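Overview (structure and organization)
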Amino acid sequence: LPPHGEVVQGVESLTTSFFQLGFVPRLLFSSALRERPETVSLFLVFSILAVSAPFTPSLVTRYGGSGSRATQAFLRGASAFVPQHMFESSLEAVQAFFLLSIAEWGNGDKNRSLVYMGIAVRLAGIMRLHREEAYRLPDGSSAEAVARSEGARRTFWMLETFENLHSGAGSPIAFSYADMTVLLPCDERDFTFGVRPYRRAALMGTPPALANPALTRLPAPERSLFATLLQTHSLWGRVARLAGAGDAAMMQPGSAAPGSGGPRIDAGDYARLAGELAGFERDLPAQHAWSVWNLRAFKLEGQDLAFLSTVMILRLSNVILRRSHLDGLLNAAARSGTASDDRAWQPVAGQLYADMLVLHEQISAFFAHRAPAHGYPALVVFCAYVCGSLANRLHRQPQLCVAVAPQALAVLRSSVRGLASLHVAWPFAQRW
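Residues numbered from 1 in each chain as written. Predicted model: local features only at pLDDT ≥ 70, side-chain atom pairs only at ≥ 80, totals over all residues. Heavy atoms only, no water.

1. Topic: the overall build of the protein
Tallying secondary structure elements over the protein gives 19 helices and zero strands in all. Looking at the protein as a whole, 56% of its 432 residues are labelled buried. Counting only contacts in the protein whose residues sit at least 6 apart along the sequence, the fraction spanning at least 24 positions is 75%. (Helix = DSSP H or I, 4+ residues; strand = E, 2+ residues; numbered from the N terminus. Buried < 20%, exposed > 50% of the residue type's maximum accessible area, 1.4 Å probe, protein only. Contact = heavy atoms within 4.5 Å.)

2. Details of the confidence of the model for the protein
Per-residue pLDDT for the protein has a mean of 85; in total, 87% of the residues score no lower than 70. Every residue in residues 245–263 scores below 50 in pLDDT, and together they form 53 contacts with partners more than four places removed in sequence or on other chains. (pLDDT = per-residue confidence, 0-100.)

3. So, the side chain of Thr-228
Residue placement: Thr-228 occurs in helix H12 (residues 225–243). Judged by relative accessible area, Thr-228 falls into the buried class, the value being 0%. Each residue touching Thr-228, except ones within four places of it in the same chain, is listed here: Arg-223, Phe-280, Leu-284, Pro-285, His-288 and Thr-310.

4. Side note on the packing of aromatic side chains
Evaluated as defined, the whole model comprises 15 aromatic pairs. Geometrically, the ring pair formed by Phe-23 and Phe-98 is edge-to-face, given 6.1 Å between the ring centres and 70° between the ring planes. Placement of the pair is Phe-23 in the loop between helix H1 (4–18) and helix H2 (26–35) and Phe-98 in helix H7 (residues 91–106), with a sequence separation of 75 residues. Between Phe-97 and Tyr-116, the ring centres sit 6.1 Å apart and the planes meet at 35°, which makes this aromatic pair tilted. (Phe/Tyr/Trp six-rings, centres within 6.5 Å; stacked < 30°, edge-to-face > 60°.)

5. What to know about unusual backbone geometry
The omega torsion across Ala-220 and Pro-221 is 5°, close enough to zero to call that bond cis. Of note in the backbone geometry, Arg-128 takes a positive phi value of approximately 60° without being a glycine. Among the structural elements, Arg-128 can be located in the loop between helix H8 (110–126) and helix H9 (143–165). Overall, Arg-128 belongs to the partly exposed group, its relative accessible area being 43%.

6. Observations concerning the packing of H7 against H8
Between two packed helices, the angle of one axis relative to the other and the distance separating the axes together describe the packing. Here H7 crosses H8 at 160°, and the two axes come no closer than 8 Å. In this view, H7 runs roughly antiparallel relative to H8, as classed from their interaxial angle. Note on packing geometry: the crossing formed by H7 with H8 is left-handed. Here Ala-93, Val-94, Phe-97, Phe-98, Leu-100, Ser-101, Ile-102, Glu-104 and Trp-105 of H7 come into contact with H8, specifically with Arg-112, Ser-113, Tyr-116, Met-117, Ile-119, Ala-120, Leu-123 and Ala-124. Looking at the contact of H7 with H8, its residues break down into 13 nonpolar, two polar and two charged. (Axes fitted to C-alpha atoms, helices over the stretch in contact; angles between N-to-C directions. Parallel < 35°, antiparallel > 145°, perpendicular 65-115°, else oblique. Left-handed = near helix turned anticlockwise from the far one by under 90°. Nonpolar A, V, L, I, M, F, W, Y, C, P; charged D, E, K, R; others polar.)

7. Concerning the nonpolar core
With 132 residues, the main nonpolar core has Phe-19, Phe-98, Leu-99, Leu-316 and Tyr-353 as its most contacted residues. The element best represented in this core is helix H16 (residues 304–336), accounting for 15 residues. In this structure, Phe-19 is in contact with Leu-14, Phe-98, Leu-99, Ile-102, Met-158 and Phe-162, ignoring residues within four places of it in sequence. (Core = buried A, V, L, I, M, F, W, Y, C linked by side-chain atoms within 4.5 Å.)

Right, here's the structure in full:
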């Protein structure tokens, strides 16, 4: 490992530049690193640094000015621990394998990423982290015990949400929703102070949500930003599996535009899922809805990237759903050549490109308000790619949406500039 101070900086980078909402109890972990470093899992530390190194200036400098080289060094270090921990059902092992999966995915090694994620999922299943009873604590439990329990809950949800983020047509579901009784994470302040929340939100489709649907629509802070983030990622997983966009666009960068090569969506499925997305957005807490004001407020709280991930994945879900459905309608119109078919696709195209403009607004706000030294999740890069690909198509085919076509070239150029500045930290995105 590098000197202690650089390790601490790397751990801090994980929570400020990548997982602003995550499973690390910052107070407990920081204290252990400073005061009792021998009690901290080396496997977990190497795995944390494999993700955060590109966003940690001291580590980038140590490895010759290359974030990629720093990542490779920590991946090699972490891999030495794999045989020792792959059969160990401990929370640290689950977290370490999860982080290794994220690092390998960002590094462009899909197979290693999937294997490490599979190990993490199986270990979590052995520990029954998908069941609410795994988090029950006796009355009078200490704040530290509450914080550690919440960290375990968040570990499960990080596994679940990244399974959704990387979904595509035919992707298996790691945990059956019918078996997932675990409720969603609490507010960050409660996590920091080790306070048990009065009530928790639930994920749509899980037994607690089916028993009490109101748990999916709680106001803030009972529905934390983390809870809303997880709900949006669940919706994205459904869209990606339906549209076949996940594998084509996220796991295999450089492929065709999202939704252009996958199966076409049935009109009934489209209407149902579009309605669910609209209803979900309508019921969002006001603080979790997109606005530059909310972005600035969350930035003050150190949660701006988490907020952007929430609103971007919701807009992206609408974009990919409509993009895939639009292609089917355009093909039908081309075959029939009737005006009635034109009337079918034009409203979908209008909604699609209106969503593209909102997504572009969110990306532009990210650039306007980000600190240059801070990192960013790969989702931002992907959204810039999607905006660029859609704008490029509209620029070439302005008849798709005459109202938005005059803005297409500006969106395209802005997206290309964004990709050029963002792809450095995520090697897999260089082909975009």
